[in-house]
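Descriptive structure summary
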Amino acid sequence: MEAAGTDSDGREFKSPDEMWLEHTGDNNKKTQWYRDGVAYWEGVEASVNGVLGGYGHVNDADVKGSEGFLQTLLAELFVDGGIDRHLVALDCGSGIGRITKNLLIRYFNEVDLLEPVSHFLDAARESLLQENHMASDKHKATNFYCVPLQEFTPDVGRYDVIWVQWCIGHLTDDDFVSFFNRAKIGLKPGGFFVLKENLARSGFVLDKEDRSITRSDSYFKGLFSRCGLHLYNSREQKGLPKELFAVKMYALTTDIPKKVTKTRSKVKANRPGIIK
Ligand SMILES: C[S@@+](CC[C@H](N)C(=O)[O-])C[C@H]1O[C@@H](n2cnc3c(N)ncnc32)[C@H](O)[C@@H]1O
C-alpha cells in the first residue's frame, strides 16, 4: 500500500507504512496507540450524539441506508431472506448499541455486542436488556463482550452476519487483517461481513485525537485482498451532511457466494422479513 496520507495537523506521510512505523512501530508504541484510542472514547458521553461525534442527527439516514443494504443482502444470500433461519449477528465496536437497537435486533434472533469502552457497553446492556424484557424472546441481545477487536476471537460458526461500523479505523493494518482472519471462523456457512466506514479521497487521514485512520476505497480493497475476502457488493451511504467524509458499506464473503435461486411461486415470500 503506497498511497500518501496526512494527519489531522496537515503533516504528510509518504505511505501508510511510514505512518504506522512512527505511531505503532514497537510494542510500547502500539500498546499506547490502542490505550489512547480507548481513552478518547472513555471521555465521551454515552449517547447517540456522543458516539456519532456530535452528529447524532445522522442516525436516521445511517440506519435507513444500512437497512436497505442489509435487506438486499439477506434477500440475495439467504433462502427466503433468512426467515426460516435462526439469525445471529455480532455488532463490532458497538458503542452504546445504537446499530443493534435501531436495526440489527429487528432482523436477527440474537445479537452479540463487542465494545472495549465499559461505560458504552453498560449503556448498551441497560437499554437492550430493557428491550429484551419487552420483546418476545425470539429476538434479543445475548452477549456483551468488553474487548477490543484486535483481541477478539469469536465462537466457531456462531454468526450469520458480523457488522463492523465506524470502528475499524482504530486498528493497524496488520491487526485489521488478523481480526478478519480470526473472525472468519465465527461465520456460519454462507454468512458474511458488513463493513461500513468513512472514506478518505485518497490514501489515508490520521486523526491524532482519537487514534484512528480513515482509509480510501482502494486502501480498503487492498486490505480485503490481504484478508482473502471477496467483495460481494458495496453501496454508498446517501443523505449525510456535505462536510462529512463519504461513507461506504461493503459486504464481504469468504467465498464467491451463489445467489439463492428463487422459484416462481416463492417470489412473493422471498423478501427479507422482520422477526416479530
Ligand atoms: C464512532 S464510535 C461508533 C460506535 C458504533 N459503531 C456506532 O456506529 O454507533 C467508535 C467506536 O469504536 C470503539 N472502539 C475504539 N477502539 C476500538 C477497538 N480497538 N476495537 C473495537 N472498538 C473500538 C469506540 O469505543 C466507539 O464505541
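Residues numbered from 1 in each chain as written. Predicted model: local features only at pLDDT ≥ 70, side-chain atom pairs only at ≥ 80, totals over all residues. Heavy atoms only, no water.

Details of the site of the ligand
Formally: For this description, a residue counts as near a given molecule or strand if any of its non-hydrogen atoms is within 4 Å of it. Polar contact is defined as a pair of N or O atoms within 3.5 Å, subject to the rule that within protein one atom must be able to donate a hydrogen and the other to accept it, and that residues adjacent in sequence are counted only when both atoms are side-chain atoms. Using the Shrake-Rupley algorithm and a 1.4 Å probe, accessible areas are obtained, with residue cover drawn only from the displayed protein chains. By the convention adopted, Pro, Cys, Tyr, Trp, Phe, Met, Ile, Leu, Val and Ala count as nonpolar, Lys, Arg, Asp and Glu as charged, and the other residues, Gly among them, as polar.
Close to the ligand lie 19 residues, the nearest being Gly93, Arg98, Glu115, Gln150 and Gln165. Between the ligand and Arg98 there is a distance of 2.8 Å, counted from an oxygen atom to a side-chain nitrogen or oxygen. Between the ligand and Glu115 there is a distance of 2.6 Å, counted from an oxygen atom to a side-chain nitrogen or oxygen. For the ligand, whose accessible area on its own is 590 Å², the fraction buried by protein is 97%. Classifying every residue of the shell around the ligand gives 11 nonpolar, six polar and two charged.

Let's talk about the sheet that holds strand β8 (residues 204-207)
Backbone-to-backbone hydrogen bonds pair the strands of a sheet. The strands run either parallel or antiparallel. We apply this condition: Any two strands are treated as partners once DSSP identifies two or more bridges connecting them. Strands here are runs of E lasting at least two residues and helices are runs of H or I lasting at least four, both read from the DSSP assignment and numbered beginning at the N terminus.
The mixed open sheet is built from four strands, whose spatial order is β2-β1-β8-β9. Each end of this open sheet is capped by a strand with a single partner; those strands are β2 (12-13) and β9 (212-215).

Focus: the environment of Asn181
Heads up, the rule is: Accessible area is worked out with a 1.4 Å probe on protein chains only. A residue is then buried under 20% of its type maximum, exposed over 50%, and partly exposed in between.
Residue position: Asn181 is located in helix α7 (residues 173-183). According to the relative accessible area criterion, Asn181 is partly exposed, its value standing at 33%. Here Lys184 takes part through its side chain, which lies 2.8 Å from a polar atom of the side chain of Asn181.

A short note on the pairing of strand β7 (residues 187-199)
Selection rule: By the criterion used throughout, a crossover qualifies as right-handed when its path from the first strand across the helix to the second strand runs clockwise, the strands pointing away from the viewer.
With 10 of 13 residues buried, β7 lies mostly within the body of the structure. As paired elements, strand β6 (residues 159-165) and β7 share six bridges and run parallel to each other. The residue bridging Ile162 from the neighbouring strand is Phe193, located in β7. The parallel pair β6 and β7 is bridged by α7, and the resulting crossover is right-handed.

Points about the packing of aromatic side chains
Which entries qualify depends on this criterion: Whether two aromatic rings pair depends on their centres lying within 6.5 Å, for rings of Phe, Tyr and Trp, where Trp uses its six-membered ring; planes under 30 degrees apart make the pair stacked, over 60 edge-to-face, and the rest tilted.
Per the stated rule, a full pass over the model turns up 14 aromatic pairs. Consider the rings of Phe13 and Phe204, whose centres lie 6.3 Å apart with planes at 40°: the pair is tilted. Of this pair, Phe13 sits in strand β2 while Phe204 sits in strand β8, and the two are 191 residues apart along the sequence. The exposure class assigned to Phe13 is buried, which follows from its relative accessible area of 1%. Among the residues examined, Phe204 registers a relative accessible area of 1% and is labelled buried. On the numbers, 5.3 Å between centres and 70° between planes, the contact of Trp20 with Trp33 is edge-to-face. Separated by 13 residues along the polypeptide, Trp20 in helix α1 (residues 16-24) and Trp33 in helix α2 (residues 27-42) bring together distant segments of the chain. Residue classification places Trp20 among the buried residues on the basis of a relative accessible area of 7%.

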